[in-house]
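One letter stands for each residue in the lines below.
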Amino acid sequence: PCVMSHLQRQVTISNKLGLHARAATKLVMLANEFDANVTLIQGCKTASAASVLGLLMLESGLGKTIDITADGPDAQAALDAICALINAKFDEGC
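A brief structural summary. (Residues numbered from 1 in each chain as written. Predicted model: local features only at pLDDT ≥ 70, side-chain atom pairs only at ≥ 80, totals over all residues. Heavy atoms only, no water.)

Another point: the nonpolar core. L19, L27, V38, L40, L55 and I68 are the most contacted members of the largest nonpolar core, which has 27 residues in total. Of all the elements in the fold, those that place two or more residues in this core are α1 (21-31), β2 (37-42), β4 (65-71) and α3 (75-87). Among the elements that line this core, the one with the most residues is α3, at seven residues. Contact partners of I68, with chain neighbours within four places excluded, come to L7, Q8, R9, V11, V38, T39, L40, L79, I82, C83 and I86. (Core = buried A, V, L, I, M, F, W, Y, C linked by side-chain atoms within 4.5 Å. Buried < 20%, exposed > 50% of the residue type's maximum accessible area, 1.4 Å probe, protein only. Helix = DSSP H or I, 4+ residues; strand = E, 2+ residues; numbered from the N terminus. Contact = heavy atoms within 4.5 Å.)

In structure tokens form, the structure reads like this:
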């Protein structure tokens, strides 16, 4: 039987510009590679990792802490990849 896993992890935004349009687009493209529903939560705001506009509405800036949850067959892989992208400052180098 297929076991649905619900995973959660916390990360801190460390790139200077935060979760801006280019970074949000990268995150959405990455999330779409996995068979998982990924949600980002900041305070009382939540957004699907499949929605650039939703991610921008989080208004996540430098130093903000985000909870990421993932459900589905690829939940662990999706969570690992998205956390790695955020921790790599969206490959922006600053």
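With that out of the way, let us pick up the pattern of salt bridges. Under the counting rule described, the total for this entry stands at two salt bridges. The salt bridge involving R9 is made with D80; its shortest N-O contact spans 2.6 Å. One end of the pair, R9, is in strand β1 (residues 6-12); the other, D80, is in helix α3, with 71 residues separating them in the sequence. Given a relative accessible area of 29%, R9 falls into the partly exposed group. Residue classification places D80 among the partly exposed positions, given a relative accessible area of 36%. (Salt bridge = Lys/Arg side-chain N within 4 Å of Asp/Glu carboxyl O.)

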